[in-house]
Number of protein chains: 2
Amino acid sequence: MSQYTAPLDDIRFILDDVLDAQSQFARLGYADASPDVVDAVLEEAARFTGSVLAPLNAVGDQQGCRHDPATGDVATPEGFKAAYGQFVEGGWPGLTADPQHGGQGLPHLVGLSVSEMINAANLAWGNFPLLSHGAVEALIQHGEDWQRDVFLPPLVEGRWTGTMCLTEPHCGTDLGLLRTRAEPADDGSYAITGTKIFITAGEHDFTDNIVHLVLAKLPDAPPGAKGISLFATPKFKVARDGSVGERNAVRCGSIEHKMGIKGSATCVMNFDGAQGWLVGEQHGGLKAMFTMMNSARLGVGLQGLGLSERAWQNALRYSRERLQSRALTGPKFPDKPADPIIVHPDVRRMLLSVKALTEGSRMLAMHAGSLLEEAAHASDPAERERAETLVGFLTPISKACQTEWGIENTYNALQCFGGHGYIAEHGMEQLARDARITTLYEGTTGIQAMDLIGRKTAYSQGAGLKLLLADVETFCAAHADDPELAANVAALRARCVEWTALTTEILQASAADPDELGAAAHDYLFYSGYVVLGYWWLRASVAARASARPAAFKDAKRETARFYFARILPRTLAHAAAIRGGAGSLMDLDADSFGA
Amino acid sequence: MSQYTAPLDDIRFILDDVLDAQSQFARLGYADASPDVVDAVLEEAARFTGSVLAPLNAVGDQQGCRHDPATGDVATPEGFKAAYGQFVEGGWPGLTADPQHGGQGLPHLVGLSVSEMINAANLAWGNFPLLSHGAVEALIQHGEDWQRDVFLPPLVEGRWTGTMCLTEPHCGTDLGLLRTRAEPADDGSYAITGTKIFITAGEHDFTDNIVHLVLAKLPDAPPGAKGISLFATPKFKVARDGSVGERNAVRCGSIEHKMGIKGSATCVMNFDGAQGWLVGEQHGGLKAMFTMMNSARLGVGLQGLGLSERAWQNALRYSRERLQSRALTGPKFPDKPADPIIVHPDVRRMLLSVKALTEGSRMLAMHAGSLLEEAAHASDPAERERAETLVGFLTPISKACQTEWGIENTYNALQCFGGHGYIAEHGMEQLARDARITTLYEGTTGIQAMDLIGRKTAYSQGAGLKLLLADVETFCAAHADDPELAANVAALRARCVEWTALTTEILQASAADPDELGAAAHDYLFYSGYVVLGYWWLRASVAARASARPAAFKDAKRETARFYFARILPRTLAHAAAIRGGAGSLMDLDADSFGA
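Bear in mind that the values here come from a model prediction, so they are computed numbers and not experimental data. (Residues numbered from 1 in each chain as written. Chains lettered and ligands numbered in written order. Predicted model: local features only at pLDDT ≥ 70, side-chain atom pairs only at ≥ 80, totals over all residues. Heavy atoms only, no water.)

A.B. asks: Talk me through the overall build of chain A; I want residue IDs and the actual numbers.
C.D. replies: Helix and strand counts for chain A stand at 20 helices and 11 strands. Over its C-alpha trace chain A gives a radius of gyration of 24 Å, about what one expects of a compact globule, namely 25 Å for 596 residues. Principal-axis analysis of the C-alpha atoms gives chain A an extent of 80 × 65 × 60 Å. Looking at the 596 residues of chain A, the share that counts as buried comes to 64%. Restricting to contacts in chain A with at least 6 residues of sequence separation, those with at least 24 account for 74%. For chain A, the accessible area works out to roughly 19,900 Å², and carbon and sulfur atoms hold 52% of it. (Helix = DSSP H or I, 4+ residues; strand = E, 2+ residues; numbered from the N terminus. Rg over C-alpha atoms; globule rule 2.2 N^0.38 Å. Buried < 20%, exposed > 50% of the residue type's maximum accessible area, 1.4 Å probe, protein only. Contact = heavy atoms within 4.5 Å. Areas by Shrake-Rupley, 256 points an atom, 1.4 Å probe, with all protein chains shown as cover.)

Right under this line is the structure:
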């Protein structure tokens, strides 16, 4: 089985040395988030995830969830429900929620680090509480007062969980196609009828109630995505006074058999005139949905990070233990029958790739988290807007890159195990199977790529990119003459110049041919991701140099930064060339000829 | 469930238009391999694999093999044994074997195409007969006369199967560590004692006997890999006169629970003084093993190809059927509720990547197959040596690239399905899980990379590379002024110049620091693979232009070549830069600091 210990040292390094999070906490009014409190929370999260959730990871994979067709009930794997009980008891569901709704009001950066640990310890389990956050956000921003009063406390405290019900069998990315109907009832509620699929945690045995946030169309809805409304549709009916009534007409029809995250219930949900309450404006569901989706996208990015971290820890351990062949430069451990495989350059190439992309992802994710905080709480409205633009730009990069790197990292970590990596008992193959969902749900990588080049770049004339590049240039200017960093600062600056040039080229080409946007999207996203990570690895080098942490830790940071610039950042060369390959190389082939 | 139809059109295109295989068959004395015969064999293989093996693919995944701890027996999934009966009845096991041993004497290129079909139809099933080929080769080249007489006919006819027993729990890549012992007995046989793991088809219910080719050490063996001998150790004892006796002291102790290829029995084999016969010279086992291994490596490369082809067919079908969103340039099918996703540039990027790497792999694999034929049957010894050097150089490229691309292709094909790709019923996730073994067994990708830069390049002063580059240059010179091809010919030539330069740089650097070989190995292998594929895609363009096949087929070939040069070949930029990153960026970090 794969092991897991929360990477507290690296989280602390990023919080304290890279991001100087305490200054932000103080500035944004988190009086309670003292270093001691933050540290105690992280320590306790490490204990809970390591000792309670991590051992259940293989159990969940082996047992899966079980659906009872007679009742529609879903039984979760052994130990999952009890672990959730401890989770609620520990106050974890409301860690970052507003105290007025029953939360503990800690900064988002702390909650994000706890999420990473949960994902690493047990991704499938983590999916049950995950979407409550989106539901809470949607209700806070779009719900009526009574809805907030009634739904928020149990969701925040974890007594109930939430879901996002978007997808239908014929309708995934293209929400305009959805068929679920909402008919107004006399009491101001709506009768929801339709079938939703791929509903994470749609049914389970953790809590007394489940609040489904369902996209549906009103009878007078305009066609397409503009005709969608959002409805809070609980498993047990909830009245305006908060009283919980009879079972609602919503039922889990079946659960999916999946490649991984087998302990997570992925449900077909049948709504058969279920009572739902309109959240937000009529036909305004898409806006409310985006509120949930942005939160969920950053959340899925953290899933990629969590799996990467667990993959890293196990690959490193195995590469130190497994004895096989001698170093090319002669025996390193002549007293042993062979050297540990960590002496071999190609094993190090894999390990350092995992380390660079994992710890880099952590900086990227935590930076996005700190921007969310600014966007929500900065006193200056201009600062809030700036942070919101920046985090909007970084969200598709964070989601897509962290999940694609999660797949690469679990691949490389498994590969370090050789044939043993393919065997279930080592647990590496579960990580690879679990990781495979993360580039699909909450918008595939292709959707993230279109979001970045379209809505977040073309639509806003590159506002997010400009803000980011200004930050990068400020950093580069400050370190351009630093003898240790100068070469990599120059390399990063050159990439930034090219990034701007590529952006201009794509936008110009797309004016004549809209397919140019789509043709460039994927490679533009990864070009962006590698440049952003280069920036963070330089910042990590600088932070490590100034840090009071042990020399071994600091050396590792600086050598990993060196590795990143020597062996990962050059991937931008291929992405830039592919972008310049243009749309013709994709679009000119007639669709009928593809298979001829 | 995923579907599969053998790609006869593309196989015929490569045989006839790209490789002009009929000329080779005639030249090398395959009088019977007329176009009609070859075509009939391929058609029948398509029928058998499509109608018998393909439908059992999901069955094998769901049921897996079952091991009986009381008897050591292994029961294969429902239908597997009956399918094997049909396979033997059809004469497929000995398709390319020498008629003197009971084979049909068809060219290797035909056998290779049949293997591709078997792998695509049902990889797990294909693993049962797979290793018989290596056993046959080892016995032909290294066995005594009586061993050939006794073992070859049943192996060639498929009445028995063969295995390769190399790996032990503590000993995978580093065979010098092995502990299995062989004690001489009075009758000239040896008593084999030890435990072997990861033995593909080590036990099953297909045949009456199984011949294990076991690596073990004689009592007077010198230490390390030079002290290994090879022994034919059948499940039921076989005497020199061919009579089959009692059960031998070899038994399957358990089978592994794996990520994929669940229908294939991966066995722990316990030898407890089992009677074995020395094959080849004492302490000469490694040489005999390499005979088996080269055949097995090209065979595993074909597994990557087969899975890629099946992934491709299903991704293409789904991308034409699935309606979601409108084309960026406006509705293409205004009468439908949305356009099929094949109109979206990013879906086309994924599809064309799969197509380019799959059909490119097929050319690479079939070229290697034609070289094997030359190496075995060319009348001129110099030609045989030339072919052997070239196929030796191409073997690690073929194995590693075709399997890594198999992983990429099954990834991209699954991704085209969105969330549905993650659900078992579509069958795409099985392909991804099955593909994951191929970069591990028969030498990981890292081992192939070291074989290429070490034994096949440094050790031979680049003999294989020089031969290949001469062929590529002959082609380029002939097409340098072709208006349609000139730009890509120039691009390919530039890569060849760089390839030579990189080779020189690596070998020079490694003279001072042997780690430079290992540090460059992976990126050098992929640099090589992408250049080789560029060569084949240009040859495909030329062949398509001259071909009498339908215009749609020819257009697709030429557009795919264009895509390859615009969007895949640029990956060499990143690999070249990574190679030039040098060993320091991998090796300077102290092993203890990795996890600090």
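A.B. asks: With reference to specific residues and values, describe helix 9 (residues 145-157) of chain A.
C.D. replies: All names here are of chain A. Between the first and last C-alpha of helix 9 there are 18 Å, a value that for 13 residues agrees with the 18 Å anticipated at 1.5 Å per step. Of all the bends found along helix 9, the most pronounced is centred on Phe 151 and spans about 35°, while Pro 153, a proline, follows it within four residues. Taken together, the buried positions of helix 9 are occupied by Trp 146, Gln 147, Val 150, Phe 151, Leu 152, Pro 154, Leu 155 and Val 156. Contacts from the buried residues of helix 9 go to helix 8 (132-142), strand 3 (160-165), strand 6 (209-217), strand 7 (228-234), strand 8 (236-238) and strand 11 (266-279). Positive backbone phi, approximately 85°, marks Gly 158, located one or two places after helix 9. (Expected span 1.5 Å × (residues − 1). Bend = angle between axes of the 7 residues up to and from the residue.)

A.B. asks: Tell me what's going on with the state of the cysteines, and back it up with residues and numbers.
C.D. replies: A complete count under the given rule lists zero disulfides over all chains for this structure. With no disulfide partner, Cys 476 of chain B has as its closest neighbouring cysteine sulfur the one in Cys 496 of chain B, 5.9 Å distant. (Disulfide = S-S within 2.5 Å.)

A.B. asks: A description of the UniProt feature "domain: Acyl-CoA dehydrogenase/oxidase C-terminal" (unreviewed entry) in chain A should follow, citing residues and the corresponding values.
C.D. replies: Those residues carrying the UniProt feature "domain: Acyl-CoA dehydrogenase/oxidase C-terminal" (unreviewed entry) are residues 284-452 of chain A in this numbering. Between the C-alpha atoms that bound residues 284-452 of chain A there is a distance of 23 Å. The span itself is 72% helix and 0% strand. (UniProt positions renumbered as here; feature names shortened; annotations may be inferred.)

A.B. asks: Give me the lowdown on the pairing of strand 9 (residues 244-247) of chain B, citing residues and values where you can.
C.D. replies: Sheet analysis places strand 8 (residues 236-238) of chain B next to strand 9 of chain B, joined by two bridges and oriented antiparallel. Across the sheet, the residue bridging to Val 238 of chain B is Val 244 of chain B, located in strand 9 of chain B. (Pairing = 2+ DSSP bridges.)

A.B. asks: Please set out the relation of the copies chain A and chain B residue by residue, giving values where relevant.
C.D. replies: Expressed as a screw operation, the relation of chain A to chain B combines 0.0 Å of axial shift with a rotation of 180°, fitting to an RMSD of 0.0 Å. Interpreted geometrically, this transformation is the action of a two-fold axis. Interface overlap between copies: 100% of the residues of chain A at the interface are likewise at the interface in chain B, consistent with a symmetric, same-surface contact. (Least-squares fit on C-alpha atoms with pLDDT ≥ 70 in both.)

A.B. asks: Mind laying out the UniProt feature "domain: Acyl-CoA oxidase/dehydrogenase middle" (unreviewed entry) in chain A, listing which residues take part and the relevant values?
C.D. replies: Mapped onto the present numbering, the UniProt feature "domain: Acyl-CoA oxidase/dehydrogenase middle" (unreviewed entry) falls on residues 164-272 of chain A. The span residues 164-272 of chain A is 0% helix and 49% strand, and its two end C-alpha atoms sit 17 Å from each other.

A.B. asks: Hey, could you go over the pattern of salt bridges for me, with residue numbers and the actual values?
C.D. replies: Residue and element names in this part refer to chain A. Applying the stated criterion to the full structure yields 74 salt bridges over all chains. In this structure, Glu 157 engages Arg 159 in a salt bridge whose closest nitrogen and oxygen atoms are separated by 2.9 Å. Residue Arg 455 is joined to Asp 451 by a salt bridge in which the shortest nitrogen-to-oxygen separation is 3.4 Å. Highlighted residues: Arg 455 and Asp 451, both in helix 14 (residues 445-458), separated by four residues, approximately one helical turn. Since its relative accessible area comes to 42%, Arg 455 is described here as partly exposed. (Salt bridge = Lys/Arg side-chain N within 4 Å of Asp/Glu carboxyl O.)

A.B. asks: Requested: an account of the packing of aromatic side chains, with residues and values cited.
C.D. replies: Residues and elements named next belong to chain A. Tallied over the entire structure, the rule returns 44 aromatic pairs over all chains. When the ring of Phe 25 is compared with that of Tyr 30, the centres are 6.2 Å apart and the planes differ by 75°; the resulting orientation is edge-to-face. Tyr 30 carries the same exposure label as Phe 25, and that label is buried. With centroids separated by 6.3 Å and ring planes inclined at 65°, the aromatic side chains of Phe 151 and Trp 160 adopt a geometry described as edge-to-face. (Phe/Tyr/Trp six-rings, centres within 6.5 Å; stacked < 30°, edge-to-face > 60°.)

A.B. asks: Which residues make up the interface of chain A and chain B, and what values go with them?
C.D. replies: Residue-level contacts link 97 residues of chain A with 97 residues of chain B. Between chain A and chain B, the buried area comes to about 8,100 Å², and carbon and sulfur atoms account for 61% of it. Together, Tyr 422, Arg 567 and Phe 594 of chain A form the three largest contributors to the area buried by chain A at its contact with chain B, with a combined 11%. At the boundary of chain A with chain B, the tally comes to four salt bridges. Residue Arg 567 of chain A is joined to Asp 523 of chain B by a salt bridge in which the shortest nitrogen-to-oxygen separation is 3.6 Å. If you look at where chain A meets chain B, you find 52 residue pairs in polar contact (both at pLDDT 80 or more). Per-element tally for the side of chain A that touches chain B: the top contributor is helix 18 (residues 551-568) of chain A, with nine residues. Tallied by class, the residues present in the side of chain A that touches chain B amount to 47 nonpolar, 24 polar and 26 charged. (Buried area = accessible area lost by both parts, 1.4 Å probe. Polar contact = N/O pair within 3.5 Å; in protein donor to acceptor, adjacent residues only side chain to side chain. Nonpolar A, V, L, I, M, F, W, Y, C, P; charged D, E, K, R; others polar.)

A.B. asks: Lay out the environment of Ser 528 of chain A in plain terms, naming residues and giving numbers.
C.D. replies: All names here are of chain A. Examined against the element boundaries, Ser 528 turns out to sit in helix 17 (residues 515-546). In this structure Ser 528 comes out as buried when scored by relative accessible area, which is 0%. For the pair Ser 528 and Leu 492, spaced 36 residues apart in the sequence, the C-alpha separation amounts to 12 Å. For Ser 528, the residues in contact, after removing those within four places along its chain, are Ile 397, Leu 452 and Trp 499.

A.B. asks: Just give me the short version of the pairing of strand 6 (residues 209-217) of chain B, but keep the residues and values in it.
C.D. replies: All names here are of chain B. Of all nine residues making up strand 6, nine are buried, and the element is well covered by its neighbours. On strand 6, burial covers both faces: Asn 209, Val 211, Leu 213, Leu 215 and Lys 217 on one face and Ile 210, His 212, Val 214 and Ala 216 on the other are all buried. Where strand 3 (residues 160-165) lies against strand 6, six bridges are found, and the strand directions are parallel. Pairing of Cys 165 across the sheet is with Val 214, part of strand 6. The pairing of strand 6 with strand 7 (residues 228-234) spans seven bridges and is antiparallel. Looking at strand 7, one finds that Leu 213 is bridged to Ala 232.

A.B. asks: Can you explain the side chain of Thr 233 of chain B? Please cite residues and give values.
C.D. replies: Residue and element names in this part refer to chain B. Relative to the elements of secondary structure, Thr 233 occurs in strand 7. Within the structure, Thr 233 has its side chain in polar contact with the backbone oxygen of Phe 231 (distance 3.4 Å). When near neighbours in sequence (up to four residues on either side) are disregarded, Thr 233 contacts Ile 192, Ile 210, Val 211, His 212, Val 214, Asn 248, Phe 271, Ala 274, Gln 275 and Gly 276.

A.B. asks: Please provide a residue-by-residue account of the packing of helix 8 (residues 285-321) of chain B against helix 9 (residues 345-377) of chain B, values included.
C.D. replies: Residue and element names in this part refer to chain B. It is the contact of helix 8 with helix 9, at a shortest axis distance of 9 Å, that shows an interaxial angle of 150°. On the basis of their axis angle, the class for helix 8 and helix 9 is roughly antiparallel. The hand of the helix 8/helix 9 crossing is left-handed. Note on element contacts: helix 9 touches helix 8 through Val 347, Leu 351, Val 354, Lys 355, Thr 358, Ser 361, Arg 362, Ala 365, Ala 368 and Leu 372, opposite Leu 298, Leu 302, Leu 305, Ser 308, Glu 309, Trp 312, Ala 315, Leu 316 and Ser 319. Taken together, the residues of the contact of helix 8 with helix 9 break down into 12 nonpolar, four polar and three charged. (Axes fitted to C-alpha atoms, helices over the stretch in contact; angles between N-to-C directions. Parallel < 35°, antiparallel > 145°, perpendicular 65-115°, else oblique. Left-handed = near helix turned anticlockwise from the far one by under 90°.)

A.B. asks: Can you break down the nonpolar core residue by residue, with the values?
C.D. replies: Residues Trp 499 and Tyr 564 of chain A together with Trp 499 and Tyr 564 of chain B are the most contacted members of the largest nonpolar core, which totals 336 residues. Residues in contact with Trp 499 of chain A, not counting those within four places in the same chain, are Phe 393, Leu 465, Leu 468, Leu 469, Tyr 524, Tyr 527, Ser 528, Val 531 and Val 532 of chain A. One finds Leu 178, Leu 213, Ala 232 and Met 293 of chain A within the second-largest nonpolar core, a separate group that totals 35 residues. (Core = buried A, V, L, I, M, F, W, Y, C linked by side-chain atoms within 4.5 Å.)

A.B. asks: Let's hear about the environment of Pro 99 of chain A: which residues, and what values?
C.D. replies: Position of Pro 99 of chain A among the secondary structure elements: in the loop between helix 5 (80-89) and helix 6 (108-121). With sequence-adjacent residues up to four places away left out, Pro 99 of chain A is seen in contact with Gln 104 and Gly 105 of chain A.

A.B. asks: How would you summarise unusual backbone geometry if you had to cite specific residues and measurements?
C.D. replies: Residue and element names in this part refer to chain A. Of note, Ile 261 is a non-glycine position whose phi angle comes to about 30°, a positive value. Positionally, Ile 261 belongs in the loop between strand 10 (250-255) and strand 11. Take Ile 261: its relative accessible area is 2%, and that puts it in the buried class. Positive phi, normally seen in glycine, also occurs at Gln 461, with a value near 50°. For Gln 461, a relative accessible area of 58% puts it in the exposed group.

A.B. asks: Tell me about helix 5 (residues 80-89) of chain B, and name the residues and values.
C.D. replies: Residues and elements named next belong to chain B. Within the span of helix 5, buried status applies to Phe 80, Ala 83, Tyr 84 and Phe 87. Seen from one end, helix 5 has its buried residues packed into an arc of 100°, which puts them on one side. Among the exposed residues of helix 5, those pointing more than 90 degrees away from its buried face are Ala 82 and Glu 89. Downstream of helix 5 by one or two residues, Gly 91 has phi in the positive range, about 75°. (Arc of directions from axis to C-beta.)

A.B. asks: Describe the side chain of Ser 319 of chain B, with residues and values.
C.D. replies: Residue and element names in this part refer to chain B. Considering the arrangement of structural elements, one finds Ser 319 in helix 8. We classify Ser 319 as buried; its relative accessible area is 0%. Those residues in contact with Ser 319, other than ones at most four positions away along the chain, are Pro 340, Ile 341, Ile 342, Val 347, Leu 351 and Cys 416.

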